[in-house]
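Understanding the architecture of this molecule
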Amino acid sequence: MTDVPNESISSRLAKLKSQPVVLGIDNLGKTYPRPDGSTTTALAKVSFSVHRREFMTVIGPSGCGKSSLIRILAGLEDATSGQMLLDGKPDSGPCPDRGMVFQGYTLFPWLTVLKNVMFGLKMGGMGFDQARSEALQWIDLVGLTKFADVYPHQLSGGMKQRVAIARALANKPRILLMDEPFGALDAQTRAQMQAYLLQIWQNVNLTVLFITHDLDEAIYLADRIAVLGAPTPDIPHGHLQEIIDVPLARPRTPEQFTSEPFLATKRRIEGLIHKRVVPTMVEPLPMIKLTQVGDEVV
Amino acid sequence: MAERWFAVRRDLSPRRQTLLTVGAFVLPLLVWCVISYVPFVWHPLITVTNPGGSSFLAKDMMIDRGMFAAENAKVVAEGKPAAEGYRSNPVFLPPPHAVGRALYTAFLTPPVRKGEPWLHESLWHSLTIIFWGFTAAAIIGVPIGVLCGTFDFFAKLTEPFVDFIRYMPAPAFGALMVAVCGINDGPKIAIIFIGTFFQLVLVVANTTRQTDRALLEAAQTLGAKGRHLVLHVVLPGILPNLYNDLRILLGWAWTYLIVAELIGASSGISYFINQQGKYRNYDNVFAGIIMIGMIGLITDQVLAILGRVLFPWQGKPPGKLGKIILACVGLFRRKKVAV
């Protein structure tokens with residue numbers, strides 16, 4: 001909000017950056033082989049770190065490699081260069097310490113909400129009763145206690161993602177990775193989910209890395225934003241362009257969407273993302289004279 | 001707005017669905033009735049009731065209408081009394097009531113020759129053959145199929161060979177199986193096994209491959225590994241489809257049964273059908289075929305309803321019968337808790 005002095009925001013960010021690094025990303029790169037024997041580099045030389053208790057978003061145009069990045073961080077793909085450090089130690093492969101919420105609803109359809117949330121706990125070797133009581137707490141946290149014994153097909157999209165969040169959090173991950181988790185939701189549910197997520201983040205000791213292609217979402221949620229760039233003639237691969245501090249106070253409110261710092265940040269990111277898309281680079285579409293339509297309009 | 005009977009990819013109302021389902025059975029029956037009971041429809045033969053002056057015709061003889069007319073013309077020209085008869089269908093198309101009666105009496109009629117099984121014994125025998133052949137194929141085939149669908153190692157190791165054998169018709173193994181398993185039930189069970197096992201492995205492998213990759217990835221980020229991924233994600237995920245696969249393959253098993261039962265010492269329902277055909281009791285032949293159809297249809301429907309009860313998370317309503325089954329299961333569970 002505009003009436004909050006800027007110093008408190010910058011001191012908050014400074015405090016955040018002095019926190020220990022939870023996830024270190026060190027020169028990470030991903031190269032895919034092509035069928036013809038050559039290679040495509042989706043991502044190269046990406047380095048940044050996420051601090052404890054931080055909410056960081058990653059934004060970029062399509063083709064910038066943000067999906068590859070989060071899949072590597074989740075351990076679902078291997079990096080071809082560089083490494084990832086969790087609490088300072090090199091780490092790879094899927095692991096419950098790096099919880100993940102996917103864009104698609106990846107709840108197990110054959111398990112009730114409760115059993116879905118218990119899944120990770122039981123995989124970790126926890127006994128049934130303890131897993132159950134812990135899972136119920138997480139379901140409570142996302143406000144779905146009434147739906148604990150319901151199967152996923154009976155839930156709305158937003159509810160499914162809340163269960164997915166509870167399921168990932170139940171494992172008490174060091175960091176929660178979110179891959180465009182609200183991308184498939186309608187605008188209203190999406191806004192609701194953003195509010196829910198901020199609440200959960202506030203209530204739980206949580207570090208989040210959140211991927212999105214929605215500028216408003218990226219700014220509204222984040223403490224810092226990593227802006228990735230798509231390949232260009234100079235840099236032929238996805239790359240990290242800049243990391244931007246978000247000059248907005250917490251708790252976030254919907255009014256901030258129209259505040260000057262918000263809009264300034266948005267303009268800055270837009271400038272970064274779109275600076276290379278000049279109209280001449282787009283192929284001109286063929287002009288077709290639609291006589292009938294034109295006649296009717298005139 | 002009036003409901004349309006022909007709307008692209010739209011379900012009809014439950015009433016219309018029921019109506020059409022009933023019609024699916026009633027219409028063929030109606031056609032059969034018309035052909036059987038309306039005398040001027042088809043009826044290409046004449047059944048002779050009185051040979052009259054003809055030395056060629058005999059009582060109860062069935063003869064082509066044209067030949068009957070020619071014979072009668074000849075007889076009348078010779079000044080002898082004309083033969084009499086009524087139009088009838090060939091013996092291989094008995095009227096519905098005869099088949100209906102046969103369905104009922106077939107169970108009450110003692111076997112023609114001493115030592116032959118009664119119809120219910122034949123049926124039971126067929127059911128046991130199907131049961132053992134299919135169960136053995138499923139018990140061995142499902143795990144192999146799941147392994148093939150999960151691990152490329154097993155797929156590449158087994159599938160090419162399975163594919164090769166799949167193209168060999170199971171009945172071709174008949175003589176071989178008699179040599180290996182004797183002449184009684186052994187070769188029959190073996191034929192059913194060969195007929196279903198190889199298909200089953202491939203179908204189950206394919207079904208397993210349809211496991212949602214995203215679910216596997218989600219499970220991995222939740223800490224599931226190796227064996228647990230197969231047991232807690234792949235298996236439960238494919239279970240409803242696997243169940244449907246088995247339902248379809250059970251139908252295949254019935255197809256092979258007919259061949260299998262004629263191998264070695266003939267037995268079972270197909271032996272009954274064959275024997276009755278030899279005696280020209282075509283009403284019994286029809287009764288036998290219809291019995292197989294009914295057993296197939298009923299098992300399939302029961303299994304379909306059971307499937308909806310077993311997999312409630314698919315969101316398909318269990319239906320009335322399913323609810324009854326659920327209620328029974330519920331009662332049973334409560335009793336168990338009370339004890």
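Bear in mind that the values here come from a model prediction, so they are computed numbers and not experimental data.

**Description of the overall build of chain A**
Of the regular secondary structure elements, chain A holds nine helices and ten strands. Against the compact-globule benchmark of 19 Å for 298 residues, chain A has a radius of gyration of 21 Å, which places it among compact chains. The principal-axis extents of the C-alpha atoms in chain A amount to approximately 70 × 55 × 50 Å. For chain A, buried positions account for 48% of its 298 residues. Here the analysis covers contacts within chain A between residues at least 6 apart in sequence; of these, 70% occur between residues at least 24 apart. Accessible area for chain A stands at about 14400 Å²; split by element, carbon and sulfur atoms hold 54% of it.

**Things to note about the overall build of chain B**
Each helix and strand counted, chain B has twelve helices and three strands in total. Relative to the 2.2 N^0.38 estimate, which gives 20 Å for 339 residues, the radius of gyration of chain B is 28 Å and therefore markedly larger than a compact globule would have. By its C-alpha atoms, chain B is 100 × 65 × 50 Å across when sized along the principal axes. The 339 residues of chain B split such that 36% are buried. As displayed, chain B offers around 20200 Å² of accessible surface, 68% of which is attributable to carbon and sulfur atoms.

**Quick look at the nonpolar core**
Generally speaking, nonpolar side chains in soluble globular proteins are found buried as a group. One finds Ile225 and Ile269 of chain A to be the most contacted residues of the largest nonpolar core, which totals 54 residues. If we skip the residues at most four places from it in the chain, isoleucine 225 of chain A touches Thr57, Ile59, Ala218, Ile219, Glu242, Ile243, Ile244, Val246 and Ile269 of chain A. Counting residues in each nonpolar core, the second largest holds 43 residues, with Ala190, Ile192, Ile238 and Trp254 of chain B among its members.

**Re the pattern of salt bridges**
All chains considered together, the criterion is met by 22 salt bridges over all chains. The closest approach of N and O atoms between lysine 17 of chain A and aspartate 245 of chain A, which form a salt bridge, is 2.7 Å. Of this pair, lysine 17 of chain A sits in helix H1 (residues 6-17) while aspartate 245 of chain A sits in strand E10 (residues 239-245), placing them 228 residues apart in sequence. According to the relative accessible area criterion, lysine 17 of chain A is partly exposed, its value standing at 37%. Residue aspartate 245 of chain A is classed as partly exposed on the basis of its relative accessible area of 30%. Where salt bridges share partners, they join Lys30, Arg71 and Glu77 of chain A together with Glu217 of chain B into one cluster.

**Regarding the sheet that holds strand E1 (residues 21-33) of chain A**
All names here are of chain A. As summarised here, the arrangement of the four strands in space is E2-E1-E4-E5, forming an open sheet in which the pairing is antiparallel. If you trace the sheet from one side to the other, it starts and ends with strand E2 (39-51) and strand E5 (89-90), each paired once. Sheet topology note: the strand E4 (residues 81-86)/E5 ladder contains two bridges and is antiparallel. Bridging from a neighbouring strand, leucine 85 pairs with proline 90 of E5. Against the sheet, helix H2 (residues 66-74) engages E1, E2 and E4, with an angle of about 120 degrees to E1.

**Considerations on the interface of chain A and chain B**
Interfaces are often sized by the amount of accessible area the parts lose when they come together. Across the contact, 22 residues belong to chain A and 19 residues belong to chain B. Area buried by chain A at its contact with chain B is led by Trp110, Phe119 and Met123 of chain A, which between them contribute 34% of it. Note that arginine 71 of chain A is salt-bridged to glutamate 217 of chain B, the shortest N-O span being 2.6 Å. There are two residue pairs in polar contact (both at pLDDT 80 or more) connecting chain A and chain B.

**Observations concerning the domain arrangement of chain A**
Residue and element names in this part refer to chain A. As assigned here, chain A comprises domain 1 (1-97 + 173-298) and domain 2 (109-171). Once you take the C-alpha centre of each, domain 1 and domain 2 turn out to be 27 Å apart. If you look at the interface, domain 1 gives 14 residues, while domain 2 gives eleven residues. The junction of domain 1 with domain 2 conceals about 1100 Å² of combined surface from both sides, 80% of it contributed by carbon and sulfur atoms. In terms of surface lost to domain 2, no three residues of domain 1 exceed Pro173, Met193 and Ile200, which account for 38% of the buried area on that side. Run the count over domain 1 and domain 2 and you get two residue pairs in polar contact (both at pLDDT 80 or more). Only strand E7 (175-179) and helix H6 (187-203) provide two or more residues apiece to the side of domain 1 that touches domain 2.

**With respect to a nonpolar patch on the surface**
Residue and element names in this part refer to chain B. A surface patch of nonpolar side chains, amounting to about 480 Å² of accessible area, comprises Leu147, Phe151, Phe153, Phe154 and Leu157. At three residues, helix H5 (residues 152-166) tops the list of elements feeding residues into the nonpolar patch. Topologically, leucine 147 is positioned in helix H4 (residues 119-150). Exposure remark for leucine 147: the relative accessible area of 33% places this residue in the partly exposed category.

**Comments concerning the pairing of E7 of chain A**
All names here are of chain A. Among the five residues in E7, five count as buried, and that is most of the element. In E7, alternate side chains face the same way, and those of Ile175, Leu177 and Asp179 on one face and Leu176 and Met178 on the other are all buried. Summarising the sheet, strand E6 (residues 98-101) and E7 pair through four bridges and their orientation is parallel. Counterpart to glycine 99 in the pairing with E7 is leucine 176. Note that E7 and strand E8 (residues 208-212) share four bridges and pair parallel. Looking across to E8, one finds that methionine 178 is bridged to phenylalanine 210. As for the winding sense of the linkage, the β-α-β connection from E7 through H6 to E8 is right-handed.

**Observations regarding the packing of H4 of chain B against H5 of chain B**
All names here are of chain B. Orientation of H4 relative to H5, taken along the N-to-C sense of each, is 120 degrees, at an axis distance of 5 Å. Considered as vectors, H4 and H5 are oriented oblique to each other. Handedness of the crossing formed by H4 with H5: left-handed. Facing Leu147, Cys148 and Thr150 of H4, the residues of H5 in contact are Asp152, Phe154, Ala155, Thr158 and Glu159. Looking at the contact of H4 with H5 residue by residue, the classes come out as four nonpolar, two polar and two charged.

**Quick notes on helix H3 (residues 96-105) of chain B**
All names here are of chain B. Taken together, the buried positions of H3 are occupied by Pro96, Ala98, Val99 and Ala102. Take H3 and look down its axis: the buried residues cluster within an arc of 160 degrees, on one side only. Looking at the buried residues of H3, the elements they touch are helix H1 (14-37) and helix H11 (282-310).

**Description of the environment of glycine 157 of chain A**
Residues and elements named next belong to chain A. Structurally, glycine 157 can be placed in helix H5 (residues 157-170). Overall, glycine 157 belongs to the partly exposed group, its relative accessible area being 22%. The sequence separation of glycine 157 and proline 61 amounts to 96 residues, and the corresponding C-alpha distance is 25 Å. Aside from chain neighbours lying at most four places away, what touches glycine 157 is Tyr105 and Leu185.

**Description of the domain arrangement of chain B**
The domains assigned to chain B are domain 1 (2-39), domain 2 (45-88) and domain 3 (108-338). One C-alpha centre belongs to domain 2 of chain B, the other to domain 3 of chain B; they are set 54 Å apart.

Definitions and limits used
Residues numbered from 1 in each chain as written. Chains lettered and ligands numbered in written order. Predicted model: local features only at pLDDT ≥ 70, side-chain atom pairs only at ≥ 80, totals over all residues. Heavy atoms only, no water. Helix = DSSP H or I, 4+ residues; strand = E, 2+ residues; numbered from the N terminus. Rg over C-alpha atoms; globule rule 2.2 N^0.38 Å. Buried < 20%, exposed > 50% of the residue type's maximum accessible area, 1.4 Å probe, protein only. Contact = heavy atoms within 4.5 Å. Areas by Shrake-Rupley, 256 points an atom, 1.4 Å probe, with all protein chains shown as cover. Core = buried A, V, L, I, M, F, W, Y, C linked by side-chain atoms within 4.5 Å. Salt bridge = Lys/Arg side-chain N within 4 Å of Asp/Glu carboxyl O. Pairing = 2+ DSSP bridges. Axes fitted to C-alpha atoms, helices over the stretch in contact; angles between N-to-C directions. Buried area = accessible area lost by both parts, 1.4 Å probe. Polar contact = N/O pair within 3.5 Å; in protein donor to acceptor, adjacent residues only side chain to side chain. Domains from an automatic or database assignment. Patch = residues over 30% accessible without salt bridge, like charges linked within 9 Å, V, L, I, M, F, W, Y side chains within 5 Å. Right-handed = clockwise from strand over helix to strand, strands pointing away. Parallel < 35°, antiparallel > 145°, perpendicular 65-115°, else oblique. Left-handed = near helix turned anticlockwise from the far one by under 90°. Nonpolar A, V, L, I, M, F, W, Y, C, P; charged D, E, K, R; others polar. Arc of directions from axis to C-beta.

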